[in-house]
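Spelled out from the first residue to the last, the chains are:
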Amino acid sequence: MNAVLRRGGLGLVAWLVGIVFFLPIAWMALTSFHSEADAATNPPSFGAALTLDGYREFFGTGGGASPWPSLINSAVASIGSTVLVLLLALPAAYALSIRPVKKWTDILFFFLSTKMLPVVAGLLPIYLFAKNTDMLDNIWFLVVLYTSMNLPIAVWMMQSFLAEVPVAIIEAARVDGARLPTILARVVAPIALPGIAATALICFIFSWNELLFARVLTGVVAETAPVFLTGFITSQGLFLAKVCAASLVISLPVLAAGFAAQDKLVQGLSLGAVK
């Protein structure tokens, strides 16, 4: 009886925590369907009339700038960098987890230590490099930059995932004459697919949400969705309904990717937790 009550209490606490985390998103979604006058009321007017004016303004039907170029740039930068990260991280993680590499823990710590540097500390040298190489406002420079930013954490994550791959299967593939690319593509990757999916999703989210470098290094041609979103904060004030509509639309790709890969994400993040 006590065990049942304990499980019920933990379940209730979990639901309450989930609702607390979901409330800001629900509030943002509701505000996006209000007019600017109703969205600016304090306290909020939950029973106000609903309208699509915020979404019309975001998509430029009222004469504003279209968000599609920025959304396409974010998709190119996020998907392109994620694919490059996976192509580079998988062999590196294989070498650190399966192949004998001396002092592999030191190598992993070095990878992770690169994430300890404050992002703003590297902003000026990267800006000067992009300026001197005529790479400012270039989406492909962002792809390379996001790849280098996400590669350390991807190698760290995938090393722990690939460490769970049975070595006997890899040795059997070698006996059959399989080369390293074949082993990675047909043996290691299918077994570690949940971990690879979790790594890809996290890298995609990091790239899609990145604002600082995109704000400084892009202008008109390579502007990403988060940079486009900051354009709604003007000297005339904060248009709350339009900002909420834009935030909800820009968040949808990440939410959709997380929902589609939720089973692989849970499997990947829990891989190796139970021996």
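Our structure is the block above this text.
Residues numbered from 1 in each chain as written. Predicted model: local features only at pLDDT ≥ 70, side-chain atom pairs only at ≥ 80, totals over all residues. Heavy atoms only, no water.

Examining the overall build of the protein chain
Along the backbone of the protein chain there are 14 helices and two strands. Among the 275 residues that make up the protein chain, the fraction classed as buried is 34%. Within the protein chain, residue pairs in contact and separated by at least 24 positions form 75% of the contacts whose partners lie at least 6 positions apart. As displayed, the protein chain offers around 16,000 Å² of accessible surface, 71% of which is attributable to carbon and sulfur atoms. (Helix = DSSP H or I, 4+ residues; strand = E, 2+ residues; numbered from the N terminus. Buried < 20%, exposed > 50% of the residue type's maximum accessible area, 1.4 Å probe, protein only. Contact = heavy atoms within 4.5 Å. Areas by Shrake-Rupley, 256 points an atom, 1.4 Å probe, with all protein chains shown as cover.)

Overview of the nonpolar core
Core analysis: the largest hydrophobic core is formed by 26 residues, its most contacted members being L90, Y94, L162, I170, I183 and V188. Ranked by residues supplied to this core, first place goes to helix α7 (residues 139-162) with seven residues. For V188, the contacting residues outside a window of four places in its chain are L90, Y94, L162, I170 and I183. Counting residues in each nonpolar core, the second largest holds 15 residues, with F58, F228, I250 and V254 among its members. (Core = buried A, V, L, I, M, F, W, Y, C linked by side-chain atoms within 4.5 Å.)

With respect to the side chain of K242
In this fold, K242 is placed in helix α13 (residues 240-260). Despite being buried, K242 has no salt bridge partner; E57 is the closest side chain of opposite charge, sitting 4.1 Å away. When neighbours within four sequence positions are excluded, K242 is seen to be in contact with E36, G54, E57, F58 and F232. (Lys, Arg positive; Asp, Glu negative; His and termini not counted. Salt bridge = Lys/Arg side-chain N within 4 Å of Asp/Glu carboxyl O.)

Comments concerning the pattern of salt bridges
For side chains of opposite charge, pairing can occur when their charged atoms come near one another. This model, assessed by the stated rule, comprises one salt bridge. The salt bridge involving D53 is made with R56; its shortest N-O contact spans 2.8 Å. Here R56 and D53 lie together in helix α3 (residues 53-58), a separation of three residues that amounts to about one turn.

Description of the side chain of T51
Inspection of the secondary structure assignment puts T51 in the loop between α2 (36-39) and α3. Judged by its relative accessible area of 18%, T51 falls in the buried class. At a separation of 3.2 Å, a polar atom in the side chain of T51 contacts the side chain of D53. Not counting the four nearest positions on each side in its chain, T51 is found in contact with S32, F33, H34, S35 and R56. (Polar contact = N/O pair within 3.5 Å; in protein donor to acceptor, adjacent residues only side chain to side chain.)

What to know about the packing of α7 against helix α10 (residues 193-209)
For the pair α7 and α10, interaxial distance at closest approach is 10 Å and the crossing angle is 155°. Here α7 lies roughly antiparallel to α10, going by the angle between them. For the crossing formed where α7 meets α10, the hand is right-handed. For the pair α7 and α10, the contacting residues are Y146, N150, A154, M157, M158 and F161 in the first and G195, I196, A198, T199, I202, C203, F206 and S207 in the second. Taken together, the residues of the contact of α7 with α10 break down into ten nonpolar, four polar and no charged. (Axes fitted to C-alpha atoms, helices over the stretch in contact; angles between N-to-C directions. Parallel < 35°, antiparallel > 145°, perpendicular 65-115°, else oblique. Left-handed = near helix turned anticlockwise from the far one by under 90°. Nonpolar A, V, L, I, M, F, W, Y, C, P; charged D, E, K, R; others polar.)

Quick look at the packing of helix α4 (residues 68-97) against α7
α7 packs onto α4 with a crossing angle of 35° between their chain directions and a minimal axis gap of 6 Å. Classified by chirality, the crossing of α7 by α4 is right-handed.

Quick notes on α13
For α13, built from 21 residues, the straight-helix expectation of 30 Å at 1.5 Å per residue is met to within 8% by its first-to-last C-alpha distance of 30 Å. The largest bend along α13 measures about 35° and falls at L252, with the proline P253 one to four residues further on. (Expected span 1.5 Å × (residues − 1). Bend = angle between axes of the 7 residues up to and from the residue.)

Looking at the environment of A130
Mapped onto the secondary structure, A130 falls in helix α6 (residues 123-132). A130 sits in the buried class, given a relative accessible area of 0%. What A130 contacts, discounting residues up to four positions off in sequence, is M135, L136, F141 and L217.

Points about a nonpolar patch on the surface
Taken together, L12, W15, L16, I19 and L23 make up a surface patch of nonpolar side chains, about 570 Å² in accessible area. Structurally, L16 is set in helix α1 (residues 2-32). (Patch = residues over 30% accessible without salt bridge, like charges linked within 9 Å, V, L, I, M, F, W, Y side chains within 5 Å.)

It is worth stressing that arrangement in space is one thing and function is another; only the former is reported here.
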